[in-house]
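So the chains spell out like this:
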Amino acid sequence: MNRFLYKKASIVTVMLIGVIMAITSMPIPCLAQKDLVYNQELNRLKASAANQFSAQIDEFNAYPNRPASDGPFNANNNKAFLLTNAPLFSSSDSMITKVYNYRWWMISKHLKEYFDPTDNRNYWVVTEFFGVKPWASLSGAITCPAGQQFYDVRWLRDDKYLKSYAEYFMSGSASRLNQRENGNFLTYLSRPESHHFSSWMVNGIEAFLKIHPNNNWLHTMLPYMEKHQQVWDSLFTVKNPGSKTDGMYKILDLYDGMEFSLSAVLGLIHSDGAYSLYTKDDWRNYYLGWETTGNAEKSEQAKMYPKAFRKGYPDFYLVRPSINSYAYGNLQSLANLYQLDETDDKSHHKPGKAAYYSARASNLQNKVLKLLWNKDDQFFNTYSAGDNEFGARDYEARVRESVGFTPWYFNMIPAGEYKNYSKGWEMFSSRKGFFNTAGMTTAEQQHPYYNEQAYAWNGRGWPFENSVVYKGYANYLRNYKKGGTSNEKELLYGYIEKLARMHGNKELNIGEWYIPSNGKTFGGESDYFHSTFPDIIIEDLLGFKATHENKFSVMPLLPDDKWDYFYLGNIRYHNHDIDIIWKKDWNTQQPGNQSKLCVWVDQKLVASGPSLSEELIVNLP
């Protein structure tokens, strides 16, 4: 890429405002007089949002002691890039607006140009940590947050970044080179860089293609996406006929991005032999943060069973709601994408690929609903893998963990049966469950092993998981309950507001973790890209729902009394430009309720509705 492609940011801002003013002054005799008000307000809010974004990018660029960008976008050129590519957003909530803008600034720092010596070509990748960590791919990209990254970055107007990122992990060297083994490789299972951590990248690619459809590129990539899933099938499924968990997907805590979980703790306590050191009284000495695994490494059990541990980390696989939901999402996306490809050109593939993956997704769905759902707990629980070489097999861990909400992220619950599973969401608003002062916990607070202080998933808050659960809850309200109650919308908004507030006041930041009971600051890294926020605003809160069809819908879950207005625009969707405005009062000089939600396509007002929560379906020309 030519790094000087983008002009000076000030010029871009002036040009953008100039275009807006030109639109305002165009003769519009065909427009009804009432539409003039809406179009003028669109132009005003678009210019205002661009000016605000521009000023805040300057502010973010001036933050001291922040990691340098991983790629070419920095203080010299990121304003021009962001004003050109990122969806504009403004609202009467200045805090959420600023955090939204900050997160795009942060994302630009993680777009990295990588020359791949194996493939002898350049790729765009998206990094999580800055620099190349020992547990990363050779490019510095890490698969663990890739699903989150696809959902955020897909909203950029330029589609080249995610196309290239997908090619790197699906067909590039990362799909062939084994993850390098070093002191951080705490397992004996060799696998490609693309499978070092769990992810839902195939589903992420489908989400991207709903924004930027490209049938030719899809056709080229489908065999690689299929092969990507086949690696998950071959290495990460339980292979023990007759086992309860046979055929389901398994993972270690660490490689699910959740280094130490309570479900693993309970399974290890239930085990004997190699894992007899984990007891109700002593497990904290061996499996509660990285400072404890050294104790396990020195234990007699580790000496007697060297293959049961690597550097003190137990080789104990779990059949979790997370990894099985990710697999379901990937399988269903393969079915959807093959259906698109077969419809586009029936000569592309042998018939039946779509049906094959749809059947596989349905089979996994049934297993998750039948086995992982516990009717007594009213929650999706975790089992230990039925083919573990060491430790308990097919043991159910009776603890509610936030990963139990993951099936809702992928709309895995059958529409007609959702009430049978909806009681689990009561824990989302309960102090006994996951609701805390500053944000969501990762384990139920009423459990005796709950601990938010340890570097673990025993309670501590992680933005990665906020992103998964908030989308799951938004799906529950919008796709199943068709909108939800006022209290349910308040709950979602309250969680998003807490997450925004956690970014700070003077200098915004996103880190790895937070303490849910106080939420004073993020811990760990700075400007860290393992979670979403633009997507939380665009899709989950404001309800812009993309589809493969040449249409979209808008159905906000924003409570009626929270904002006076919002503007969302500069969205490139199916090669059209989309702008959306909701205002509580379009004309303060007139009495009465003037609430209206308006949608523009290519600068033409095409749909409107009087209710903030009314679904608008927009068919594209």
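Residues numbered from 1 in each chain as written. Predicted model: local features only at pLDDT ≥ 70, side-chain atom pairs only at ≥ 80, totals over all residues. Heavy atoms only, no water.

(A) Spatial organisation of unusual backbone geometry. One non-glycine residue, aspartate 602, adopts positive backbone phi at about 50°. Tracing the sequence through the fold places aspartate 602 in the loop between strand S15 (596-601) and strand S16 (604-609). (Helix = DSSP H or I, 4+ residues; strand = E, 2+ residues; numbered from the N terminus.)

(B) Broad picture of the packing of helix H8 (residues 215-235) against helix H12 (residues 321-344). Close contact between H8 and H12 brings their axes to 10 Å; oriented N to C, the two are set at 150°. Of the two elements, H8 crosses H12, and the hand of that crossing is left-handed. Residues Asn215, Leu218, His219, Leu222, Pro223, Met225, Glu226, Gln229 and Trp232 of H8 form the contact with H12, whose own contacting residues are Ile323, Ala327, Asn330, Leu331, Leu334, Leu337, Tyr338, Leu340, Asp341 and Asp344. By residue class, the composition of the contact of H8 with H12 is 12 nonpolar, 4 polar and 3 charged. (Axes fitted to C-alpha atoms, helices over the stretch in contact; angles between N-to-C directions. Left-handed = near helix turned anticlockwise from the far one by under 90°. Contact = heavy atoms within 4.5 Å. Nonpolar A, V, L, I, M, F, W, Y, C, P; charged D, E, K, R; others polar.)

(C) Main features of the confidence of the model for the protein. Of all residues in the protein, 93% attain a pLDDT of 70 or more, and the chain-wide mean is 94. Across residues 1-31, where pLDDT falls below 50, the model places 37 contacts with residues more than four positions away in sequence or in other chains. (pLDDT = per-residue confidence, 0-100.)

(D) Quick peek at the layout of surface pockets. Estimates place the volume of the largest pocket at around 800 Å³. What lines the largest pocket is a set of 33 residues, among which Lys210, Asn411, Asn479, Lys545 and Ala546 lie closest to the centre. Listing elements by their share of the lining of the largest pocket, those giving two or more residues are helix H7 (201-211), H12, helix H15 (463-480) and strand S12 (551-554). Residues belonging to the lining of the largest pocket are distributed by class as follows: 13 nonpolar, 10 polar and 10 charged. The calculated volume of the second largest pocket comes to roughly 520 Å³. As for the second largest pocket, its lining consists of 25 residues, and the residues nearest its centre are Trp135, Leu254, Glu259, Trp290 and Tyr455. Of the residues contributing to the lining of the second largest pocket, the split by class is 15 nonpolar, 5 polar and 5 charged. (1 Å grid on protein atoms, 1.4 Å probe; cavity = no way out; pocket = protein on both sides within 12 Å on 5 of 7 lines; lining within 4 Å. Points joined across faces, edges and corners; volume = space filled by probe spheres on them.)

(E) Region of interest: the sheet that holds strand S11 (residues 544-545). As summarised here, the arrangement of the 3 strands in space is S11-S12-S17, forming an open sheet in which the pairing is antiparallel. Only two strands of the sheet have a single partner each, and these edge strands are S11 and strand S17 (616-619). Examined bridge by bridge, S11 and S12 share 2 bridges and lie antiparallel to one another. Counted as the bridge partner of phenylalanine 544 is valine 554 from S12. (Pairing = 2+ DSSP bridges.)

(F) Spatial organisation of empty space enclosed by the protein. With the rule as written, the count across this model stands at 2 cavities of 30 Å³ or more. Lining the largest cavity are Ser199, Gln229, Trp232, Tyr249, Ile323, Tyr326, Ala327 and Asn330. Elements with a contribution of two residues or more to the lining of the largest cavity: H8 and H12. Broken down by element, the lining of the largest cavity gets its largest block of residues, 4 residues, from H12. Considering only residue class, the lining of the largest cavity consists of 5 nonpolar, 3 polar and no charged. In this structure, the second largest cavity spans a volume of roughly 30 Å³. What lines the second largest cavity is simply Thr187, Leu189, Arg191, Phe236, Ile251, Leu252, Tyr255 and Tyr317.

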